[in-house]
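# Observations on chain architecture
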Amino acid sequence: MPSHLPQYPLRIPTETMDKLKYIADRNGRSANKEIEQLILRRIAAWEKAHGPILFDDGFVPRSRT
């Protein structure tokens, strides 16, 4: 069944992608799941420093429009 999750094309240098795939492989993940984990860690760090992201300031992500 096709995924209905938002997609985002990522353009990064080949060397960076190769290193990411190396790390993902060592962690038993796909590159996509490794990127997802990195993003989740960044969000957690942001929210720890600034508080929860609530979207109550008028910001509307494109994925919700």
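Preceding this paragraph is the structure being described.
Residues numbered from 1 in each chain as written. Predicted model: local features only at pLDDT ≥ 70, side-chain atom pairs only at ≥ 80, totals over all residues. Heavy atoms only, no water.

Within the protein, the regular secondary structure consists of two helices and zero strands. If you line up the protein on its principal axes, its C-alpha atoms span 40 × 35 × 25 Å. Sorting the 65 residues of the protein into buried and exposed places 9% on the buried side. Entry remark: accessible area of the protein is about 6,300 Å², with carbon and sulfur atoms responsible for 57%. Positive and negative charge centroids in the protein, built from 11 and 8 side chains respectively, lie 2 Å apart. (Helix = DSSP H or I, 4+ residues; strand = E, 2+ residues; numbered from the N terminus. Buried < 20%, exposed > 50% of the residue type's maximum accessible area, 1.4 Å probe, protein only. Areas by Shrake-Rupley, 256 points an atom, 1.4 Å probe, with all protein chains shown as cover. Lys, Arg positive; Asp, Glu negative; His and termini not counted. Charge placed at Lys NZ, Arg CZ, Asp CG, Glu CD.)

So, about unusual backbone geometry. Leaving glycine aside, a negative phi is the common case for residues, and trans is the common case for peptide bonds. Not every positive phi belongs to a glycine, and F55 is a case in point at roughly 60°. Here F55 is to be found in the segment after α2 (31-50).

Along the polypeptide, E34 turns up in helix α2. Leaving out residues up to four positions away in the same chain, E34 has contacts with L20, I23, A24, N27, R29 and R41. (Contact = heavy atoms within 4.5 Å.)

It is worth spelling out the pattern of salt bridges at this point. Overall, the coordinates contain four salt bridges when judged by the stated rule. R26 serves as the salt-bridge partner of D25, at 2.7 Å between the closest nitrogen and oxygen. Residue class for D25 comes out exposed when judged on its relative accessible area of 52%. Linking K33 and E36 is a salt bridge whose minimum nitrogen-to-oxygen distance equals 2.9 Å. Here E36 and K33 lie together in helix α2, a separation of three residues that amounts to about one turn. E36 gets classed as partly exposed once you look at its relative accessible area, which sits at 32%. (Salt bridge = Lys/Arg side-chain N within 4 Å of Asp/Glu carboxyl O.)

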